[in-house]
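One-letter residues, chain by chain:
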There are 2 protein chains.
Amino acid sequence: MNQTAIARSWVEHANGHSDFPLQNLPLGIFSRAGGERRSGVAIGDAILDLEAVLAAGLFEGEARTAVEATRGGALNAFFALGRSARVALRERLLALLGEGSEHQATLKAALYPASECELHVPARIGDYTDFYVGIQHAMNVGKLFRPDNPLLPNYKYVPIGYHGRASTIRPSGTEVRRPKGQTLPAGQSEPSFGPCARLDYELELGIWIGQGNDMGQAIPIGDAAEHIAGFCLLNDWSARDIQAWEYQPLGPFLSKSFISTISPWVVTAEALEPFRCAQPARPNGDPQPLSYLLDTRDQAAGAFDIELEVLLITERMREQNLPAHRLGLSNTLSMYWTVAQLVAHHSVNGCQLQPGDLFGSGTLSGAEPGQYGSLLEITEGGKHPVELASGEVRKFLEDGDEIILRARARRDGVASIGFGECRGKVVAAN
Amino acid sequence: MNQTAIARSWVEHANGHSDFPLQNLPLGIFSRAGGERRSGVAIGDAILDLEAVLAAGLFEGEARTAVEATRGGALNAFFALGRSARVALRERLLALLGEGSEHQATLKAALYPASECELHVPARIGDYTDFYVGIQHAMNVGKLFRPDNPLLPNYKYVPIGYHGRASTIRPSGTEVRRPKGQTLPAGQSEPSFGPCARLDYELELGIWIGQGNDMGQAIPIGDAAEHIAGFCLLNDWSARDIQAWEYQPLGPFLSKSFISTISPWVVTAEALEPFRCAQPARPNGDPQPLSYLLDTRDQAAGAFDIELEVLLITERMREQNLPAHRLGLSNTLSMYWTVAQLVAHHSVNGCQLQPGDLFGSGTLSGAEPGQYGSLLEITEGGKHPVELASGEVRKFLEDGDEIILRARARRDGVASIGFGECRGKVVAAN
């Protein structure tokens, strides 16, 4: 392991333990107090204003085309350009922000403290699809309902997914209003209406679609990875009591659509390249993927090794200055299908994907306690409350509780990168 | 019944049996050969170019504001203005297009034969939600799987719905590419991959959302009807074999997302006002709606009496010049919930609705043979083929088959109005 091989930035903060070292360069949409929405890149604890750097004439050729496509307050047109434009921009930013850059003076004028900026959802999301490919989560949840047969017969053949609500996807920091809805109280035959009593989070990887496809034209598995622009964290807030009553026969609806929170930085496929790995071996007896989901390159390097973490801070913990409580530590290796397989499957029927569509992976949990990605799993549906240092217990989330998702990719010999936070604090129902 | 009370248009064709008499005035987005997308209104067999009439100075005040909001190739901004703007535009169009209008010469220059125009999806659809409120359809389908207990326990409390795919909603006339996907052949334990063998249509009412709501703010049932801009026909094409294998536990996905077809004209809430009626009485023993779904005005006049029809033309029927075969004749009275109840339910958890969102009613079938809205019901899942005058039979749709949906509202003493057609022809899988 040769740490000296890791390139450094003249932005000093980027060389520490920041989520955003020179090797990350995630893209996003930000604004400063009262200002317009502009495209930026995160570097250490700062944001580089891409549109200001463009105006200063520091981008040329394909990198310039790429930055021009980031204007207008949304990254859709940039996503549509695909990998080549992303790579050109990345190469130029590595030079501009790397040690020895000759443009430091110009760039410093376009560099703002992130703490003074507001971050927004980075693209207009046409359609949002939530998958269910965290196999340990599917096992853990399945066991609650079918102890002897937790996985349904289609699980190991079909990358299970369903359409979600795009209009209520919000950036980290947006408050989470407790939803109201119908629930069936235990032992009753008629439902009640009122605030959700079993509010939960779900730890997911978000996947941004880059280049789309025409309706009727499936994306072959061998090309599928090229259609992914980047990644984020996603909290698929869930009202378990509403879900249990509404979801038959057509799936979750109002139990999910009140809000979904994402981390606002788009961590590119290129930044995550060093953290790719082989798809975890399927256990003996598991079927081979059908041909439209099978690609040797994807099997060899289509998975990601990214650590995922969920933290909880309650109102009382905040008052007592207690540190956040770690609810779970998980990893993207628990995905049964690769992101390329999700793209190939989603489009195999001719469904049109568009730049700026968002996928969720589904909850990513490990097999062991301490690795679960939802309270439903941790408390076994409310049976075993979590005990907190504040003396409180939690079966599900209470008003004032804040959930923080984080992600970190590590590998010997390369810079570790993070995703930034995906936070949301629960506020009382209206 | 006083037929002479029905106002007439100087556009002669509008005074016959057209779907688009003076009393209808549906809005849409059209283009002429090679031209840009513009807003228009259907009158008889013609389209009035609203933007040309605007340029001619024939709109003032709120009607002018309304037409200005129809520009740009999508009606979203017009939908956002709400009822008052729609009414102002309608009043002005009634005067301009009515007998005795003093502006006929100017208007004739902005009137094009509909046959020379292409019609488009009339708004950018942010989110599409498909409901399941045709109770006879739910009964008919439920009986196939659970003969003794066709409706699930939540059906009469929850307006069942789920998120659909917005990116593949297309206007009438778009070809329907047979989707490929995973299916589980009868008697097998492992799925196969290939073209759908059980392709079906679904007869639905489409509902366009007008004014939206902020996230977290439910729309009260008493206000809900005000949030609806208009209506269309919707064919929710369905791959039954793909659906059966994929839909557990999260609902239909690729079995629906390959295409949904809509009729392109937005029939306004005002045009349908004469065809409103009381919500059909719930059978004895059915529960009262929960309070957030209950409104006396909505119960008294929140339903619609609109006849719905499905026609089939096969390739051979076309060659033999045979008339279309009527597969079903149904009515919107089979909706168990009103459209206002759908809006109130959808937003009760704080979900944000936006102008241009689209709802589907779910398949609308009657209780009797001849009134079914899908082949799944007509053939009982393929058991009893439909016999056609061409000598052909159909269990499900074959390549070359064209499905045509129509709607007609009739009432003594008022002009009957229609929706225009929603057509789609099946073409072979890629």
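None of these values were measured; they are calculated from a predicted model. Here the residue numbers are simple positions, counted from 1 along each chain's written sequence. Working convention: letters from A go to chains and numbers from 1 go to ligands, in the order in which they are written. Whole-chain, interface and lining totals are the exception, using all residues; otherwise, since this is a predicted model, local features are given only for residues with pLDDT of at least 70 and side-chain atom pairs are given and counted only at 80 or more. Only hydrogens and water are removed before side-chain values are computed, so all heavy atoms of the structure are retained for them.

(A) The arrangement of unusual backbone geometry in detail. Put simply, glutamine 248 of chain A and proline 249 of chain A share a cis peptide bond, and its omega is 5 degrees. Secondary structure elements follow DSSP: runs of H or I no shorter than four residues count as helices, runs of E no shorter than two count as strands, and numbering proceeds from the N terminus. Residue placement: proline 249 of chain A occurs in the loop between helix 8 (240-246) and strand 16 (260-262). If you check the backbone angles, leucine 25 of chain A has positive phi at about 55 degrees while not being a glycine. Take leucine 25 of chain A: it is sitting in the segment before strand 1 (27-32). Only protein chains enter the accessibility calculation, which uses a 1.4 Å probe; a residue whose area is less than 20% of its type maximum is buried, one above 50% is exposed, and one in between is partly exposed. Overall, leucine 25 of chain A belongs to the buried group, its relative accessible area being 3%. Notably, glutamate 380 of chain B is not glycine yet its phi reads approximately 50 degrees, a positive angle. Mapped onto the elements, glutamate 380 of chain B comes out in the loop between helix 12 (375-378) and strand 23 (386-387).

(B) Region of the structure containing the sheet that holds strand 1 (residues 27-32) of chain B. Residues and elements named next belong to chain B. Judged by pairing direction, the sheet is antiparallel, and its five strands sit side by side in the order 4-3-2-1-5 without closing on themselves. Single-partner strands in this sheet number two, and they are strand 4 (111-113) and strand 5 (117-120). Strand after strand, the sheet turns through a mean of 45 degrees between neighbouring axes, direction not considered. Being paired, for any two strands, means DSSP has found at least two bridges between them. In terms of strand pairing, strand 1 meets strand 2 (residues 38-43) through four bridges, oriented antiparallel. Bridged to leucine 27 within strand 2 is valine 41. The convention used is that axes are lines fitted to C-alpha atoms, helices contributing only their stretch in contact, and that angles between N-to-C directions extend from 0 to 180 degrees.

(C) Molecular detail of the sheet that holds strand 2 (residues 38-43) of chain A. Residues and elements named next belong to chain A. With antiparallel pairing, five strands are arranged side by side in an open sheet as 4-3-2-1-5. A strand with exactly one partner marks an edge of an open sheet, and here the two such strands are strand 4 (111-113) and strand 5 (117-120). On average, each strand axis in the sheet is inclined to that of its neighbour by 45 degrees, with strand direction left out of account. Sheet topology places strand 2 next to strand 3 (residues 46-49); four bridges connect them, and they run antiparallel. Note that in strand 3 the partner of alanine 42 across the bridge is isoleucine 47.

(D) Layout of the interface of chain A and chain B. The contact definition used throughout considers only heavy atoms, calling two residues in contact when any of these lie within 4.5 Å. Contact with chain A, which involves 58 residues of that partner, is made by 58 residues of chain B. The term buried area means the drop in 1.4 Å probe accessible area that two parts suffer when joined, counted for both and summed. For the pairing of chain A and chain B, the buried interface totals around 5400 Å² over both sides, and the portion due to carbon and sulfur atoms is 62%. Summed over the three residues of chain A that lose the most area to chain B, namely His163, Leu250 and Phe253 of chain A, the buried surface amounts to 15% of that side. Each reported salt bridge corresponds to a side-chain nitrogen of Lys or Arg within 4 Å of a carboxyl oxygen of Asp or Glu. If you look at where chain A meets chain B, you find four salt bridges. Throughout this description, a polar contact denotes any pair of N or O atoms lying within 3.5 Å of each other; where both atoms belong to protein, one of them has to be capable of donating a hydrogen while the other can accept it, and for residues adjacent in sequence the pair is counted only when both atoms sit in side chains. Where chain A meets chain B, there are 28 residue pairs in polar contact (both at pLDDT 80 or more). When contributions to the side of chain A that touches chain B are tallied by element, the ones reaching two or more residues are strand 6 (128-131), strand 7 (161-164), strand 10 (180-183), strand 11 (192-195), helix 8 and helix 11 (339-347) of chain A. The element best represented in the side of chain A that touches chain B is strand 7 of chain A, accounting for four residues. Among the residues making up the side of chain A that touches chain B, the classes are represented as 28 nonpolar, 23 polar and seven charged. Here the nonpolar group is Ala, Val, Leu, Ile, Met, Phe, Trp, Tyr, Cys and Pro; Asp, Glu, Lys and Arg are the charged ones; every other residue, Gly included, is treated as polar.

(E) Representation of the packing of aromatic side chains within the structure. All names here are of chain B. Each aromatic pair joins two rings of Phe, Tyr and Trp (for Trp, the six-membered one) with centres within 6.5 Å, and gets the label stacked for planes under 30 degrees apart, edge-to-face for over 60, and tilted for any other angle. Scanning the entire structure with this criterion turns up 24 aromatic pairs over all chains. Both rings, one in phenylalanine 30 and one in tyrosine 112, keep their centres 5.9 Å apart while their planes meet at 55 degrees; by these two values the pair is tilted. Of this pair, phenylalanine 30 sits in strand 1 while tyrosine 112 sits in strand 4, placing them 82 residues apart in sequence. Across the pair, tyrosine 112 and phenylalanine 30 agree in class, each one buried. Each ring, one from phenylalanine 78 and one from phenylalanine 79, has its centre 6.3 Å from the other, and the planes form 50 degrees; the classification is tilted. Each member of the pair, phenylalanine 78 together with phenylalanine 79, is buried.

(F) Seen up close, the side chain of threonine 129 of chain B. Residue and element names in this part refer to chain B. Topologically, threonine 129 is positioned in strand 6 (residues 128-131). Overall, threonine 129 belongs to the buried group, its relative accessible area being 0%. Engagement of the side chain of threonine 129 in a polar contact is seen with the side chain of histidine 346, the distance being 2.7 Å.

(G) Examining helix 6 (residues 135-145) of chain B more closely. Within the span of helix 6 of chain B, buried status applies to Ile135, His137, Ala138, Asn140, Val141 and Gly142 of chain B. Tucked into the core, helix 6 of chain B has its buried residues touching helix 12 of chain B.

(H) How the structure looks around the relation of the copies chain A and chain B. Least squares is used to superpose the copies, and the fit set is the C-alpha atoms of residues whose pLDDT is at least 70 in both copies. Overlaying chain A with chain B gives an RMSD of 0.0 Å, the required rotation being 180 degrees about an axis along which the chain moves by 0.0 Å. Within this description, the copies of the chain are treated as partners about a two-fold rotation axis. By C-alpha distance to the rotation axis, the residue of chain A lying nearest is glycine 251 of chain A, at 2.2 Å. Comparing interface residues between copies, 100% of those in chain A also lie at the interface in chain B; the contact surface is shared.

(I) Local environment of the confidence of the model for chain A. Counting all residues, the mean pLDDT for chain A is 96, and 99% of those residues have values of 70 or more. The quantity called pLDDT is the predictor's confidence in a given residue, expressed from 0 to 100. The least confident element of chain A is helix 6 (residues 135-145) of chain A, whose mean pLDDT is 92; the most confident is strand 16 of chain A, at 99.

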